[in-house]
Amino acid sequence: MLKITFKYRDEMSKWQWREQICIVESVRECIKIYGLGNGCEYEILGIERM
């Protein structure tokens, strides 16, 4: 499992950066679950194996 820390901003956040943590099998899964890149900007801040 991976603990992924990322930040994103979108229309719902009024284009202000929000930080989020998720625990998933892969970075691809995190991107899919949170819809990253679809109408939002995001940046992966850290990845940690658990």
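Asks: Talk me through the overall build of the protein chain; I want residue IDs and the actual numbers.
Replies: Secondary structure summary: the protein chain contains 1 helix and 3 strands in total. Listing each helix as α and each strand as β along the protein chain from the N terminus yields β-β-α-β. Relative to a compact globule of 50 residues, whose C-alpha radius of gyration would be 10 Å, the protein chain shows 11 Å and is just as compact. C-alpha atoms of the protein chain, sized along the principal axes, occupy 35 × 15 × 10 Å. Buried residues in the protein chain amount to 22% of all 50 residues. Charged side chains in the protein chain number 8 positive and 8 negative. The centres of these two groups are separated by 1 Å.

Asks: An account of the packing of aromatic side chains is needed here, citing residue identities and associated values.
Replies: Per the stated rule, a full pass over the model turns up 2 aromatic pairs. Between Phe6 and Tyr8, the ring centres sit 6.2 Å apart and the planes meet at 45 degrees, which makes this aromatic pair tilted. Among the residues examined, Phe6 registers a relative accessible area of 0% and is labelled buried. Among the aromatic side chains, those forming a connected cluster through ring pairs are Phe6, Tyr8 and Tyr34. Above the face of the Trp17 ring, Lys7 is positioned so that its terminal group lies 4.7 Å from the ring centre.

About the thresholds
- Residues numbered from 1 in each chain as written.
- Predicted model: local features only at pLDDT ≥ 70, side-chain atom pairs only at ≥ 80, totals over all residues.
- Heavy atoms only, no water.
- Helix = DSSP H or I, 4+ residues; strand = E, 2+ residues; numbered from the N terminus.
- Rg over C-alpha atoms; globule rule 2.2 N^0.38 Å.
- Buried < 20%, exposed > 50% of the residue type's maximum accessible area, 1.4 Å probe, protein only.
- Lys, Arg positive; Asp, Glu negative; His and termini not counted.
- Charge placed at Lys NZ, Arg CZ, Asp CG, Glu CD.
- Phe/Tyr/Trp six-rings, centres within 6.5 Å; stacked < 30°, edge-to-face > 60°.
- Lys NZ or Arg CZ within 6 Å of the ring centre and 35° of its normal.

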